[in-house]
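# Inside the fold
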Amino acid sequence: MNTGKLLALVRQRQPLVHHITNAVTISECANITLAAGGLPVMANAVEEVEEMVEQAQALVLNIGTLTREQVEAMLLAGKRANALQIPIVLDPVGVGATKMRLDVAKRLLAELKINVIKGNAAEIAILAGGRAKMLGVEAVAVSEDVELLAQNLARQSKAVVAVTGKVDLVTDGNELWEIHNGHVLMAKIVGTGCMTASVMGCFAAICHEYQQAAAAALVVLNVAAELAAERAKTPAAFKGELFDRLYALAPETVDCRQKLKIKEVQG
Amino acid sequence: MNTGKLLALVRQRQPLVHHITNAVTISECANITLAAGGLPVMANAVEEVEEMVEQAQALVLNIGTLTREQVEAMLLAGKRANALQIPIVLDPVGVGATKMRLDVAKRLLAELKINVIKGNAAEIAILAGGRAKMLGVEAVAVSEDVELLAQNLARQSKAVVAVTGKVDLVTDGNELWEIHNGHVLMAKIVGTGCMTASVMGCFAAICHEYQQAAAAALVVLNVAAELAAERAKTPAAFKGELFDRLYALAPETVDCRQKLKIKEVQG
Amino acid sequence: MNTGKLLALVRQRQPLVHHITNAVTISECANITLAAGGLPVMANAVEEVEEMVEQAQALVLNIGTLTREQVEAMLLAGKRANALQIPIVLDPVGVGATKMRLDVAKRLLAELKINVIKGNAAEIAILAGGRAKMLGVEAVAVSEDVELLAQNLARQSKAVVAVTGKVDLVTDGNELWEIHNGHVLMAKIVGTGCMTASVMGCFAAICHEYQQAAAAALVVLNVAAELAAERAKTPAAFKGELFDRLYALAPETVDCRQKLKIKEVQG
C-alpha cells in the first residue's frame with residue numbers, strides 16, 4: 001500500500017471533511033484534520049447539515065456526546081452524503097455503554113450506507129453482536145475473537161471495519177490487515193480515537209478504496225505518534241508533538257516506517 | 001493526611017468519573033481526569049445519563065454553560081448516583097452571576113445529596129447566603145468571612161465545602177483545613193477550577209471521607225502546578241506542564257510538598 | 001495609532017467579554033481573552049444571556065456552530081447590549097456556506113446594532129452582497145474588489161468592517177487601514193479567526209473608536225504571532241506560543257513592530 005502517495009494526495013486536494021461530532025474532542029478533530037492536510041468543518045444544526053455536507057468530500061459521524069437533535073442531523077447529513085456518494089466514517093464512541101448509543105449506532109447503520117466503521121475492540125464486538133464490556137467509553141473486555149467479529153460486522157454492514165488497539169485491524173470482511181505502528185502514549189490523551197476517525201475522513205475523501213484509506217490513515221497517525229514519542233515522554237507534550245509530527249510528516253517517512261501485515265481470511 | 005497513598009489508589013483503581021459539564025473546559029476536564037489516573041466519560045443526554053452514571057465511581061456536575069436540558073440531565077444522573085451512593089461533586093461556576101445559575105445550584109442542592117461543593121470565594125459565599133460580587137465567572141469581592149460562610153454552607157448542605165483561592169479551604173462544617181500549595185499561574189489559564197472539580201471526582205471515587213478526598217485533590221493538583229511553574233513561566237506552556245507534572249507525579253513528592261494546616265472550628 | 005497604550009488599558013481594566021460562540025474554538029476564545037488581558041465569560045442559555053451581558057464590557061457573537069436556540073440567545077443578548085451601549089463584535093463564520101448562516105447573519109445585522117464585523121474575504125464579500133465562494137468555513141474565491149465590498153458593507157451596516165487575510169483591512173466606510181503584520185502559521189491552526197474576534201472584543205470594550213479598536217486587536221494578535229513564529233515552526237507549538245507571546249507582549253514592542261498603513265477612500 002502506497003501510503004505516502006495517499007498522504008501527498010490529501011495535502012494536494014485538501015478535502016473538506018464535515019464532522020458531526022462530540023463536544024469533548026471537537027477542537028482536536030478540527031486541528032488533526034488540518035494537520036493531516038484536510039479542511040475541517042463542523043456543523044450540527046438540522047437546518048444546515050445537508051447543505052454543508054454537499055460541499056464536503058467526506059462526513060465523519062461521532063456519537064460521543066449525543067443529543068436527540070444531533071441524531072437527526074446525522075441522519076439528514078448521512079442521507080445527503082449517500083445520495084452524492086460522499087464517504088461516511090462512523091465512530092461509535094461508547095457504543096454498548098448505554099442503550100441510547102447502541103440504538104443510535106444501529107439506526108445509523110440501518111438507515112445509512114456507512115463506508116468505514118472505526119472503534120475499539122469492545123465497540124466493534126458489540127456492533128457485531130458479540131459479548132464485550134464497555135466502561136464509559138473504554139473497552140474493558142471482549143470475550144470473543146475480535147478478528148472474527150470485525151469480519152462479521154464488515155460483511156453484515158458492507159463497511160470496512162477498523163479496530164484500534166495495540167495492533168490495529170482493518171477488514172473488508174475478506175482480507176484482514178494488521179497495522180503494527182503506534183505508541184502507548186496515544187492512550188494517555190483524550191481523543192486519539194476521535195482524531196483517528198477524522199484522519200480516516202481525510203483519506204476516505206481522496207481514496208474510495210476504503211480498506212486502503214482506513215489503513216493509510218492509521219499508518220499515518222501511528223507513525224506521527226511514533227515520531228512524537230521520540231520527542232515527548234508525557235501526554236500533553238506528546239499531544240502537541242502528535243499534531244506537529246503529522247503536519248511535518250514526509251510521505252517517504254511513512255512508507256519507510258509502515259508496518260502493515262496482510263493476513264488470510266479466517267471466517 | 002496520606003495524600004500520596006490516595007493518589008496511588010486513584011491510579012490503581014482508575015475510577016470512571018462521569019461529567020456533566022460546560023462546553024468551554026470539557027476537553028481539559030477529560031484530560032486532567034486521565035492525568036490524575038481516572039477515566040473520564042462525558043454524557044449529557046437525558047436518555048443516557050442514568051445508565052452512564054451507574055457505571056461510574058463519581059459524578060461531577062458543572063454549571064458553567066447551562067441549558068435547560070442539561071439541568072434535567074444533572075437531576076436524573078444525580079438521583080441515580082444518590083440511589084447507588086456514587087459521590088457527587090458540584091462546581092457551581094458563576095453562581096450569583098445570573099438568576100438561572102443560582103436557581104439551578106439551589107435546585108441541585110435541594111433535590112440531590114451533594115458530597116463536595118467546590119467554588120471560589122464569591123460562589124461559596126453566595127450559596128451560603130452571604131454577600132459577594134461575581135463578574136461573569138470571576139469572584140470580585142466577598143464582604144463577609146469566607147471561612148464562616150463555608151462552614152455554614154457545609155452544615156446546611158451536609159456537603160464538604162472547598163473554597164479555592166490563594167489559600168484553599170476545605171471544611172465539613174467542623175474542621176477547617178487550609179491548603180497552602182499552588183501557584184499564581186493557575187489563575188492565568190481558563191479551566192483550573194473546572195479541572196480541580198474533576199480531580200476531586202477522582203479522589204471522591206476512591207475515598208468516601210470527602211474532606212480528605214477534596215483536600216487530597218487540591219494538594220495533588222496544586223503540587224503539580226508548583227512543579228509545572230518550575231518549568232514554564234507563561235500560561236500555555238504552564239498548562240501543558242500542569243497535565244504532565246500531574247501525570248508524572250510521584251506519591252512521595254506529594255507527601256513531601258504537601259502544606260496542609262488544620263485549623264480549629266470557628267463557628 | 002497608539003496600540004501599546006490600548007493594550008495596557010485592556011490589561012488595566014480587564015474587561016469582561018461575553019461570548020456566544022461556537023463549540024470548536026470556545027476554549028481558545030476564552031484563553032486568548034485571558035491572554036490579551038480581558039476576562040472571558042461564555043453563556044448561551046436564553047434564560048441568562050441578558051443578565052450576563054449586562055455585566056460585560058463587550059459581546060462577541062460567532063456563528064460557527066449555530067443552533068436555533070443559540071440564535072435566540074444572540075438576539076436577546078445583543079438587544080440588551082445595544083440598550084446598554086455595550087459594543088458587539090460579529091464573527092460571521094462560514095457565512096455563505098449555508099442558507100442558515102446567511103439568514104442568521106443578516107438577521108443579526110438587521111435587528112442589532114453591530115459595532116465590528118470581522119470575517120475573511122469571502123465572508124465579508126457575501127455579507128456585502130458581492131460574489132464569493134466559501135468551502136465550509138474557508139474563503140475560496142472572491143470575484144470582486146474586497147476593499148470596495150468592505151467599504152460598502154461598513155456604510156450599509158454602520159459597523160467597522162475588518163477583513164482578515166495576508167494583509168488585514170479595517171474600514172469604517174471612509175478610511176481604509178491596512179495591517180501588514182502577521183504570520184502564515186496563523187492559517188495552520190483552527191480558531192485564529194475566532195480568537196481575533198475575541199481580542200477585538202477586549203479592545204472594543206475599552207476603546208469605543210471601533211476602527212482603532214479593531215485595528216489595534218489585529219496588530220496585537222499579529223505581532224504576537226510574529227514573535228511566536230520566531231520560536232515555533234509547527235502549528236501546535238506555534239499555537240502555544242501565540243497565547244504566551246500575547247500574554248507577555250510589551251506595549252512598546254507592539255508599537256515598535258506595528259505596520260499600519262492608512263489608505264485613501266476609494267468608494
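Structure: see above.
The notes below deal with the structure included here. The model shown is predicted, which means the values in this text are computed figures rather than measured ones. (Residues numbered from 1 in each chain as written. Chains lettered and ligands numbered in written order. Predicted model: local features only at pLDDT ≥ 70, side-chain atom pairs only at ≥ 80, totals over all residues.)

Right, let's get into the interface of chain B and chain A. Facing 25 residues of chain B, the contacting portion of chain A comprises 24 residues. Considering every element that reaches the side of chain B that touches chain A, the biggest residue donor is helix α2 (residues 26–36) of chain B, with 6 residues. When the residues that make up the side of chain B that touches chain A are grouped by side-chain class, the tally is 16 nonpolar, 5 polar and 4 charged. (Contact = placed C-beta atoms within 7 Å. Helix = DSSP H or I, 4+ residues; strand = E, 2+ residues; numbered from the N terminus. Nonpolar A, V, L, I, M, F, W, Y, C, P; charged D, E, K, R; others polar.)

With that settled, the discussion passes to the interface of chain A and chain C. The interface is formed by 25 residues belonging to chain A together with 24 residues belonging to chain C. Looking at the side of chain A that touches chain C, the elements with two or more residues in it are α2 (26–36), β2 (39–42), α3 (49–55) and α10 (235–247) of chain A. The class makeup of the residues in the side of chain A that touches chain C is 16 nonpolar, 5 polar and 4 charged.

So, on to unusual backbone geometry. A negative phi angle is the norm for most residues apart from glycine, just as the trans form is the norm for most peptide bonds. Here the phi dihedral of Lys158(B) falls at roughly 55 degrees; this positive angle occurs in a residue that is not glycine. With respect to the secondary-structure elements, Lys158(B) resides in the loop between α7 (146–157) and β8 (160–164). With 12 C-beta atoms counted inside 10 Å, the residue Lys158(B) sits in the exposed group. Of note in the backbone geometry, Gln14(C) takes a positive phi value of approximately 45 degrees without being a glycine. Here Gln14(C) is to be found in the loop between α1 (3–13) and β1 (16–20). (Buried ≥ 20, exposed ≤ 12 C-beta atoms within 10 Å, placed from the backbone.)

Here the focus is the relation of the copies chain A and chain C. Expressed as a screw transformation, the operator carrying chain A onto chain C has a rotation angle of 120 degrees and an axial translation of 0.0 Å, and the superposed copies differ by an RMSD of 0.0 Å. When the rotation and shift are considered jointly, the pair of chain copies conforms to a three-fold rotation axis. For chain A, the smallest separation between a C-alpha atom and the rotation axis is recorded for Ala23(A), amounting to 3.9 Å. Different-surface contact between copies: only 12% of interface residues of chain A are shared with the interface of chain C. (Least-squares fit on C-alpha atoms with pLDDT ≥ 70 in both.)

The operation relating chain B to chain A is a screw motion whose rotation component is 120 degrees, with 0.0 Å of axial translation and a residual RMSD of 0.0 Å. By residue overlap, the copies meet through two different surfaces: only 12% of the interface positions of chain B are interface positions in chain A.

In this section: the nonpolar core. In terms of nonpolar packing, the biggest core is built from 342 residues, with Phe203(A), Val220(A), Phe203(B), Val220(B), Phe203(C) and Val220(C) touching the most fellow members. Ranked by residue count, the leading element in this core is helix α9 (residues 210–231) of chain B, at 15 residues. Ignoring anything within four residues of it in the chain, the contact list for Phe203(A) reads Leu6(A), Val10(A), Ala213(A), Ala216(A) and Ala217(A). (Core = buried A, V, L, I, M, F, W, Y, C linked by C-beta atoms within 7 Å.)

Let's shift gears to the sheet that holds strand β5 (residues 116–120) of chain B. Residues and elements named next belong to chain B. Taken in spatial order, the 9 strands of this open sheet run β2-β1-β3-β4-β5-β8-β9-β10-β11, and their pairing is mixed. Every other strand in the sheet has two partners, leaving β2 (39–42) and β11 (260–263) as the edge strands with one partner each. In this sheet, neighbouring strand axes are inclined to one another by 20 degrees on average, regardless of whether the strands run parallel or antiparallel. Where strand β9 (residues 168–171) meets strand β10 (residues 176–179), 4 bridges bridge the pair, whose relative direction is antiparallel. Residue pairing for β10: Asp168 is matched across the bridge by Ile179. Of the strands in this sheet, β1 (16–20) and β2 touch α2, which is tilted by about 155 degrees from β2. (Pairing = 2+ DSSP bridges. Axes fitted to C-alpha atoms, helices over the stretch in contact; angles between N-to-C directions.)

What follows covers the environment of Thr65(B). If you trace the backbone, Thr65(B) turns up in the loop between β3 (58–62) and α4 (68–83). Once the C-alpha coordinates of Thr65(B) and Glu28(B) are considered, the two residues, 37 residues apart in sequence, prove to be 15 Å apart. Filtering out sequence-adjacent residues up to four positions away, Thr65(B) remains in contact with Asn22(B), Ala23(B), Val24(B), Met42(C), Ala43(C) and Asn44(C).

This part covers helix α2 (residues 26–36) of chain C. Residues and elements named next belong to chain C. Counting buried residues in α2 gives 11 out of 11 residues, a clear majority hidden from the surface. Within α2, burial applies to Ile26, Ser27, Glu28, Cys29, Ala30, Asn31, Ile32, Thr33, Leu34, Ala35 and Ala36. Taken from the residues just after α2, Gly37 is the one with a positive phi, measuring 115 degrees.

Residue and element names in this part refer to chain A. Both faces of β2 are covered, namely the face carrying Leu39 and Val41 and the face carrying Pro40 and Met42. Sheet analysis places strand β1 (residues 16–20) next to β2, joined by 4 bridges and oriented parallel. For Leu16, the partnering residue across the bridge sits in β2 and is Leu39. Each parallel crossover has a hand, and the one from β1 via α2 to β2 is right-handed. (Right-handed = clockwise from strand over helix to strand, strands pointing away.)

A few words now on the sheet that holds strand β8 (residues 160–164) of chain C. Residue and element names in this part refer to chain C. Read from one edge of the open sheet, 9 strands run β2-β1-β3-β4-β5-β8-β9-β10-β11, paired in mixed fashion. In the strand order of this sheet, the two ends are held by β2 (39–42) and β11 (260–263), each with one partner. Ignoring strand direction, the axes of neighbouring strands in this sheet form an average angle of 20 degrees. Pairing between β1 and strand β3 (residues 58–62): 4 bridges, direction parallel. Across the sheet, the residue bridging to Val17 is Ala58, located in β3.

Here the focus is the packing of α2(C) against helix α10 (residues 235–247) of chain C. Axes are the key here: two packed helices are described by the angle between their axes and the distance separating the axes. Residue and element names in this part refer to chain C. At their nearest, the axes of α2 and α10 sit 7 Å apart, and the two run at 30 degrees to each other. The angle between α2 and α10 falls in the class roughly parallel. The way α2 lies across α10 gives a crossing that is right-handed. For the pair α2 and α10, the contacting residues are Asn31, Ile32, Ala35 and Ala36 in the first and Phe243, Leu246 and Tyr247 in the second. Of the residues contributing to the contact of α2 with α10, the split by class is 6 nonpolar, 1 polar and no charged. (Parallel < 35°, antiparallel > 145°, perpendicular 65-115°, else oblique. Left-handed = near helix turned anticlockwise from the far one by under 90°.)

Residues and elements named next belong to chain C. Taken together, the buried positions of α1 are occupied by Thr3, Gly4, Leu6, Leu7 and Val10. When α1 is viewed along its axis, its buried side chains cluster within an angular range of 160 degrees and face the same direction. Here the buried face of α1 lies against α2, α8 (192–206), α9 (210–231) and α11 (251–257). Immediately beyond the C-terminal end of α1, within one or two residues, lies Gln14, with a positive phi of roughly 45 degrees. (Arc of directions from axis to C-beta.)

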